[in-house]
Amino acid sequence: SGTFTLTASGADIESTGDEFHYVYQTLNGDGTIQARVATIQNTDPWAKGGVMIRETLAANSKHAMMVLTPGNGVVFQRRVATGGDTTTTQGANVAAPYWVKIVRSGTTFSGYSSPDGISWTLVGSDTISMTTSVFIGMPLTSHNDGLLCTATIDNVTLVGGSPTPTPTPTPTPGG
């Protein structure tokens, strides 16, 4: 529930591969992350900051995200197949500060937006088969690989899932 100031460059989070900065933790099973994008620098109308659930940290990973852009409002974007193309569902044409939320329930991923963090509007949902253990967090891309973008994201709430267990060393006989 703290305030995060992220800085990133990167070409984009779209098409068949991504370039961005990602602050994340692991999530097992279903879960929700919501946050308020308090500010996002206009390095490009398609610079993006918000919340994401991602299967792996590879550039071509399956993912679902709900982000705010400085020139195109909120969008629900997802890649349903590893290395596949990204699909975009346009939400409201709003500006920061604005709230975003992504929900994983089984194989259903849903993106929501809100002006106040209380009343939520479904922007889109899709079916994406992902492993049980995924990465959940906050992405940022400048949509301009040579330029850094800064965003402030606050009121971050993560619900559900369980932490990834830490392996317990197995004692060796006679050791």
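What counts and what doesn't
- Residues numbered from 1 in each chain as written.
- Predicted model: local features only at pLDDT ≥ 70, side-chain atom pairs only at ≥ 80, totals over all residues.
- Heavy atoms only, no water.
- Salt bridge = Lys/Arg side-chain N within 4 Å of Asp/Glu carboxyl O.
- Helix = DSSP H or I, 4+ residues; strand = E, 2+ residues; numbered from the N terminus.
- Buried < 20%, exposed > 50% of the residue type's maximum accessible area, 1.4 Å probe, protein only.
- Pairing = 2+ DSSP bridges.

Visitor: Before we go on, may I ask you to explain the pattern of salt bridges in this structure?
Guide: Opposite charge on two side chains lets them pair, provided their charged atoms get close. Under the definition given, this model contains seven salt bridges. The salt bridge partner of Glu14 is Lys48, with a shortest N-O separation of 3.8 Å. With a gap of 34 residues between them, Glu14 in strand β2 (residues 12–14) and Lys48 in strand β5 (residues 48–54) connect regions that are remote in the sequence. For Glu14, a relative accessible area of 28% corresponds to the partly exposed category. Note that Glu55 and Lys62 form a salt bridge whose closest N and O atoms lie 4.0 Å from each other. Here Glu55 falls in the buried class, since its relative accessible area comes to 12%. Here the salt bridges share partners, and the residues they tie into one network are Asp12, Glu14 and Lys48.

Visitor: Explain the pairing of strand β12 (residues 133–141) to me, please; I cannot follow it from the model alone.
Guide: On any regular strand, side chains alternate: one points to one face of the sheet, the next to the other face. Of all nine residues making up β12, eight are buried, and the element is well covered by its neighbours. Where strand β4 (residues 21–40) meets β12, eight bridges bridge the pair, whose relative direction is antiparallel. Residue pairing in the sheet places Leu27 in a bridge with Val134 of β12. Examined bridge by bridge, β5 and β12 share five bridges and lie antiparallel to one another. Residue pairing in the sheet places Arg54 in a bridge with Phe135 of β12.

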